[in-house]
Amino acid sequence: MGIHVNQVAVDAIDEAKRIQDIKDEAQARIISRLPSGSPDNFVIKQMNIMMLNAELDDIVINGGTLTAEQGAQKAAFVKLKDEIKRIRSMSDDAEANGDDVATFQAALDVAIL
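Reading the values: the criteria
Residues numbered from 1 in each chain as written. Predicted model: local features only at pLDDT ≥ 70, side-chain atom pairs only at ≥ 80, totals over all residues. Heavy atoms only, no water. Core = buried A, V, L, I, M, F, W, Y, C linked by side-chain atoms within 4.5 Å. Buried < 20%, exposed > 50% of the residue type's maximum accessible area, 1.4 Å probe, protein only. Helix = DSSP H or I, 4+ residues; strand = E, 2+ residues; numbered from the N terminus. Contact = heavy atoms within 4.5 Å. Salt bridge = Lys/Arg side-chain N within 4 Å of Asp/Glu carboxyl O.

Q: I'd love a proper account of the nonpolar core, names of residues and values included.
A: Counting 16 residues, the largest nonpolar core has Ile49, Leu80, Ile87, Met90, Phe104, Leu108 and Leu113 as its most contacted members. Broken down by secondary-structure element, the contributors of at least two residues to this core are helix H1 (2–33), helix H2 (42–61), helix H3 (68–97) and helix H4 (101–110). Here this core gets six residues from one element, more than from any other, and that element is H3. If sequence neighbours within four positions are ignored, phenylalanine 104 has contacts with Ile22, Glu25, Ala26, Ile87, Met90, Ser91 and Ala94.

See the structure below:
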């Protein structure tokens, strides 16, 4: 009985590590999408992007028109949001399907994420 319990514990630890490896890879791919590409600046960059995006939304909501530069920024934010959503979705799928991190990385590479 002790051997079976130990194997269950080992299997649980392996499963937790597999899931964490996938989450770590997803996080690295998301961070690499930010202009800084650095985990050190991640929170600051994320906050700045959110604030600028909100400011652009306010312009439109209040009946204004975005300049060409603002429109390009908005399009870049939408693209970034879509890429992050796709990475998260693929991460969730990889975790649920029992994929290992190498399989997840290959899927992201094929999707060019």
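Q: Got a sec to walk through the environment of asparagine 53? Specific residues and values, please.
A: Looking at where asparagine 53 falls in the secondary structure, it is placed in helix H2. Along the chain, asparagine 53 and alanine 9 lie 44 residues apart, while their C-alpha atoms are 46 Å from each other. Setting aside its immediate chain neighbours within four residues, asparagine 53 contacts Lys74 and Phe77.

Q: Can you explain the side chain of serine 91? Please cite residues and give values.
A: One can find serine 91 in helix H3. Overall, the relative accessible area of 6% leaves serine 91 in the buried class.

Q: Can you lay out the pattern of salt bridges for me, pointing to particular residues and giving the numbers?
A: Taken as a whole and assessed by the stated rule, the structure comprises nine salt bridges. For arginine 29, the salt bridge goes to aspartate 109, with nearest N and O atoms at 3.0 Å. In this pair, arginine 29 is assigned in helix H1 and aspartate 109 in helix H4, connecting sequence segments 80 residues apart. Relative accessible area serves as the criterion here: at 14%, arginine 29 is assigned to the buried category. The exposure class assigned to aspartate 109 is partly exposed, which follows from its relative accessible area of 49%. Between aspartate 57 and lysine 74 there is a salt bridge, with the nearest N and O atoms lying 2.5 Å from each other. Pair noted here: aspartate 57 is in helix H2 and lysine 74 is in helix H3, with a separation of 17 residues, a long-range link. In this structure aspartate 57 comes out as partly exposed when scored by relative accessible area, which is 29%. Connected through salt bridges with shared partners, the residues Glu25, Arg29 and Asp109 form a single ionic network.

Interpretation in functional terms is not warranted from these geometric data alone.
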